[in-house]
Amino acid sequence: MLRNRRLFLAATLIDALGSGLWVPFALLFLVHGQGMGLVDAGTSLSAGALLALVTGPVAGMAMDRFGPRALLVAGNLVRVGAFAAYPLVHTGWAVAAVSAVAGFGDRLFWTCNAPMAALLTTGSDTDRMLATQTAGRFAGAGVGAAAMALLPPFTSPWAFHLLAYANAASFAAAALLLRLLKGTFVAPAATNVPFSPPDAPKVPFGGWRAVFGDRAFLGFCGTHLAFTLASASKFAVLPIVVRDLLHGPQWIAGTAITLGTVVVVTAQRPIVAMLAGRSRTAGLIGAAVLFSACFALLVPLASVPLQVATGLILVTSLGFAIAEAMFGPTATAAAAAAAPPGAEGRASSLFQLSWGLPVAVAPGLLAVLLSMSNALTWSILALTCASAVPALLVLRKKLPDALREPSPPVPA
């Protein structure tokens, strides 16, 4: 079992690093590596990601049939093909198709990752393994940002192509490590709770009607969209803003993303510990206010000197990181507490959609907004985050157990 844990953690860290590495490079790759326009590149990535979202239920059914390991291996192999194909595509429809394939691989990962971790660990060990994976994903984004900071102003397309091929190779290595796991890893059919032990108590089966009939839970998922849009947007267009709008050196965006990543990785536990004695509502409202204030600081970015713009970018990167650390574990714990009894699995999949949808929409939405106005882009994001505050105050009355309880303690 220990060998399996180590292999699984190594494979998923490679997966997380590869996925995180691609985030700050995606638009730069298509615009400066493939010669596409900004709006065309952004909308193509969003179209592909939206197409991939509908494969979530298919991934769930396949996992029940074949087990999580087989689907994790398949997900990595799917992304090997997708990233090997990225350097070959130059048109919007082709990018959307490749992005959809890559997104399908991501859906397989997110569907199977937590159940597989639960199979290999028990108790707080599961929390620590998932937390390590999260840190790996942010570290991947940090590595990508650091590499981006070293790029010269005029980078040859072959350098971007090399990144895509290296990412494909990393997913191949992850698939190989997962294939070395020993065991069957097939879900038992004795209970409606996936991968639960044989003596687990049976829970009344709630079904989708219980989830969609719970308006308070749906409202919380809707409110959570504001946080995940902020999370997906905070650095998504920053490299393009620095390079094409401010005409500044790329180290500015790279340093900002790296700084934010380091703060999230190192300060996550202290921040959650600080919030442990307060209500979840307080933690989420604090994150919404901080996100909104940081986006508001970026509104005048294009109308101030480059030195001032650089300072604003670095300061807001710190604020974004703190807000990220505040809302992530708090929102996840609140969603778990608010799930309708007997429909926890379906509720979890809906909550995961509130993560996936903004990530899919962000590249296209931000590219369109940025093509219109820098100030408009950050203003809309600031107002979106601010709108979460009154929504949370209303939901606090309807979801008292979920939003009035203290924030989750940090695992020992």
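Note that the structure is predicted; figures quoted are calculated from it, not measured.

### Some points on the overall build of the protein
The number of helices and strands found in the protein is 17 helices and 0 strands. The proportion of buried residues among the 412 residues of the protein is 51%. Taking all contacts inside the protein whose residues are at least 6 apart in sequence as the whole, residues at least 24 apart take part in 85%. In the form shown here, the protein has an accessible surface area of approximately 17500 Å², with 71% of it arising from carbon and sulfur atoms.

### Section: the environment of Val-361
Here Val-361 lies in helix α15 (residues 344-372). Among the residues examined, Val-361 registers a relative accessible area of 30% and is labelled partly exposed. Measuring from C-alpha to C-alpha, the distance between Val-361 and Leu-50 comes to 7.2 Å, with 311 residues separating the pair along the chain. In this structure, Val-361 is in contact with Ser-46 and Leu-50, ignoring residues within four places of it in sequence.

### Here we look at the confidence of the model for the protein
Mean pLDDT over the protein stands at 79; residues scoring 70 or higher make up 81%. Note on residues 187-205: pLDDT is under 50 here. Beyond four places in sequence and across chains, it has 19 contacts.

### What to know about the nonpolar core
The biggest cluster of nonpolar side chains holds 91 residues, and the ones touching the most others in it are Tyr-86, Phe-220, Phe-227, Phe-291, Phe-295, Leu-301 and Ile-313. For this core, the element with the highest residue contribution is helix α14 (residues 306-338), accounting for 13 residues. Setting aside its immediate chain neighbours within four residues, Ile-313 contacts Leu-238, Val-242, Leu-246, Ile-252, Ala-256, Leu-298 and Leu-301. Listed in part, the 19 residues of the second largest apolar core include Leu-71, Leu-72, Met-116 and Ala-117.

### Overview of the packing of helix α2 (residues 26-33) against helix α3 (residues 38-53)
Interhelical geometry of α2 versus α3 gives an angle of 135 degrees and a closest axis separation of 9 Å. With respect to α3, the element α2 is oriented oblique. Handedness of the crossing formed by α2 with α3: right-handed. Only Leu-38, Ala-41, Gly-42 and Leu-45 of α3 make contact with α2, whose side of the interface consists of Ala-26, Leu-27, Leu-30 and Val-31. Taken together, the residues that form the contact of α2 with α3 break down as 7 nonpolar, 1 polar and no charged.

### Re helix α8 (residues 157-179)
Helix length check: α8 (23 residues) gives 34 Å between terminal C-alpha atoms against 33 Å at 1.5 Å per residue, within 8%. On the buried face of α8, the contacting elements are α1 (2-22), α2 and α5 (68-85).

### Let's talk about a nonpolar patch on the surface
Taken together, the side chains of Leu-50, Leu-225, Leu-353, Leu-357, Val-361 and Leu-365 make up a nonpolar region of the molecular surface, amounting to roughly 390 Å² of accessible area. In terms of residue count, α15 provides more of the nonpolar patch than any other element does, 4 residues in total. As for its placement among the helices and strands, Leu-353 is situated in helix α15.

### Here we look at the state of the cysteines
Counted by the stated rule, this structure contains 0 disulfides. The cysteine Cys-385 is free of any disulfide, with Cys-294 supplying the nearest cysteine sulfur at 9.4 Å. Given a relative accessible area of 4%, Cys-385 falls into the buried group.

### Observations concerning the packing of aromatic side chains
Scanning all chains against the criterion turns up 10 aromatic pairs. Three or more aromatic residues joined by ring pairs make a cluster, and in this case those are Phe-227, Phe-291, Phe-295, Phe-320, Phe-327, Trp-355 and Trp-378.

### Quick notes on the packing of α1 against α5
Two elements in contact, α1 and α5, have axes whose closest approach is 12 Å; the angle formed by their N-to-C orientations is 30 degrees. Two packed elements cross with a definite hand, and for α1 against α5 that hand is left-handed. In this structure, α1 contributes Phe-8, Asp-15, Ser-19 and Trp-22 to the contact, and α5 contributes Leu-72, Asn-76, Arg-79 and Phe-83. The residue makeup of the contact of α1 with α5, split by class, is 4 nonpolar, 2 polar and 2 charged.

### Some remarks on the pattern of salt bridges
Scanning the model with the defined rule gives 2 salt bridges in all. For Asp-106, the salt bridge is made with Arg-79, and the minimal N-O distance between the two is 2.8 Å. Of this pair, Asp-106 sits in helix α6 (residues 92-120) while Arg-79 sits in helix α5, and the two are 27 residues apart along the sequence. By relative accessible area, Asp-106 is classed as partly exposed at 27%. Relative accessible area serves as the criterion here: at 1%, Arg-79 is assigned to the buried category.

### Thoughts on the environment of Gly-328
For Gly-328, the location among the structural elements is in helix α14. When the C-alpha positions of Gly-328 and Gly-283 are compared, they lie 10.0 Å apart, and in sequence the two are 45 residues distant.

Scoring rules and cut-offs
Chains are numbered independently. Their residues run from 1 in the order of the written sequence. Totals for whole chains, interfaces and linings use every residue, but because this is a predicted model, local features are given only for residues with pLDDT of at least 70 and side-chain atom pairs only at 80 or more, for both listing and counting. Hydrogens and water are ignored here; the side-chain numbers use all heavy atoms of the structure. Secondary structure elements are taken from DSSP: a helix is a run of H or I of four residues or more, a strand is a run of E of two residues or more, and numbering for both begins at the N terminus. Whether a residue is buried, partly exposed or exposed follows from its accessible area with a 1.4 Å probe, protein chains only, as a fraction of its type maximum: under 20%, in between, or over 50%, in that order. Only heavy atoms enter the contact rule, under which two residues are in contact if any of them lie within 4.5 Å. Residue-level accessible areas treat just the shown protein chains as cover; the underlying method is Shrake-Rupley with a 1.4 Å probe. One confidence number per residue, pLDDT, is output by the predictor and ranges from 0 to 100. We call a set of buried residues a nonpolar core when its members are Ala, Val, Leu, Ile, Met, Phe, Trp, Tyr or Cys and they connect through side-chain atoms within 4.5 Å of each other. The axes are straight lines fitted to the C-alpha atoms, using for helices just the contacting stretch, and the angles between their N-to-C directions are given from 0 to 180°. An angle counts as roughly parallel when it lies under 35 degrees, as roughly antiparallel when it exceeds 145, as roughly perpendicular when it falls between 65 and 115, and as oblique in every other case. Crossings are classed by handedness, with left-handed meaning an anticlockwise turn of the near helix from the far one by less than a right angle and right-handed meaning a clockwise turn. Three classes are used: nonpolar for Ala, Val, Leu, Ile, Met, Phe, Trp, Tyr, Cys and Pro, charged for Asp, Glu, Lys and Arg, and polar for all others, with Gly counted as polar. Here the expected span of a helix is defined as 1.5 Å times the quantity of residues minus one. Candidate patch residues must exceed 30% relative accessible area and have no salt bridge, after which like charges are joined if within 9 Å and Val, Leu, Ile, Met, Phe, Trp or Tyr side chains if within 5 Å. We count a salt bridge whenever a side-chain nitrogen from Lys or Arg sits within 4 Å of a carboxyl oxygen from Asp or Glu. Only a pair of cysteine sulfur atoms within 2.5 Å counts as a disulfide in this structure description. Between the rings of Phe, Tyr and Trp (Trp by its six-membered ring), a pair exists once the centres lie within 6.5 Å; its type follows the angle of the planes, with under 30 degrees stacked, over 60 edge-to-face, and the other angles tilted.

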